[in-house]
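What follows is each chain in one-letter form.
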Amino acid sequence: HLGILQKPTLYLSDFFEKNRAKYYDSLSQVRQSNDLEQWLRFFLTGIKETAKKGKETFEQIIDLRKKYEDIIENRMGVRKQRQGKQLLMKLFAKPVVTVKDIMAMLPISFQTASTLAKEFEDMGLFEEKTGYSRNRIFYLKDYLALFTNKH
């Protein structure tokens, strides 16, 4: 409502999927014995657990952003740090990019974007997905892992 978040942050479907049997049992109990209180308890537990998980993920994102900024400050030249930090901020909204995407994000030349992508890869911020020398796709591996529980 206040415009602080652009998208919802509580993803209850994941909780319902992981607790599928309890979900259906709770719905059946409402239908069969009109036990709405049981359903509300289950639903509120889902909100609580989802909010807790969201808060933990958010804190991990803040820590990772700080780690990435420290790497940029310690490994990039002073003149390139500004571009590196600008790119980093945009990558949190779009963590999978091509060199052309980087060009559009900053905006910079193809050569500068390619060099910046290589530097991010060398610093361990990016991982290249295709293995090709052209049309490469880069992603923030540690950042994406926060959402897939593979970290």
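Note: the structure precedes this text.
Residues numbered from 1 in each chain as written. Predicted model: local features only at pLDDT ≥ 70, side-chain atom pairs only at ≥ 80, totals over all residues. Heavy atoms only, no water.

Right, let's talk about the environment of Val96 for a bit. Within the secondary structure, Val96 sits in strand β1 (residues 96-97). Take Val96: its relative accessible area is 38%, and that puts it in the partly exposed class. In sequence terms Val96 and Lys141 are 45 residues apart; their C-alpha atoms lie 9.1 Å from each other. With residues up to four places along the chain from it excluded, the contact list for Val96 reads Asp101, Ile137, Phe138, Tyr139 and Leu144. (Helix = DSSP H or I, 4+ residues; strand = E, 2+ residues; numbered from the N terminus. Buried < 20%, exposed > 50% of the residue type's maximum accessible area, 1.4 Å probe, protein only. Contact = heavy atoms within 4.5 Å.)

Turning next to helix α6 (residues 110-122). Think of an α-helix as 3.6 residues a turn; residues three or four steps apart then line up on the same face. The end-to-end C-alpha distance of α6 is 18 Å, a good match for the 18 Å that 13 residues give at a rise of 1.5 Å each. Among all positions of α6, only Ala113, Ser114, Leu116, Ala117 and Phe120 are buried. Projected down its long axis, α6 shows its buried positions confined to an angular sector of 160°, all on one face. The elements touched by buried residues of α6 are α3 (36-75), α4 (78-91), α5 (99-105) and β3 (138-139). (Expected span 1.5 Å × (residues − 1). Arc of directions from axis to C-beta.)

Here we come to helix α7 (residues 141-148). Within α7, burial applies to Tyr143, Ala145 and Leu146. Seen from one end, α7 has its buried residues packed into an arc of 160°, which puts them on one side.

Our focus in this paragraph is the nonpolar core. The biggest cluster of nonpolar side chains holds 27 residues, and the ones touching the most others in it are Ile102, Phe120 and Phe126. Residue assignment for this core shows that the elements contributing at least two residues are α3, α4, α5, α6 and α7. Per-element tally for this core: the top contributor is α3, with five residues. When near neighbours in sequence (up to four residues on either side) are disregarded, Phe126 contacts Leu91, Val97, Ile102, Ala117, Phe120, Glu121, Phe138, Tyr139 and Leu140. (Core = buried A, V, L, I, M, F, W, Y, C linked by side-chain atoms within 4.5 Å.)

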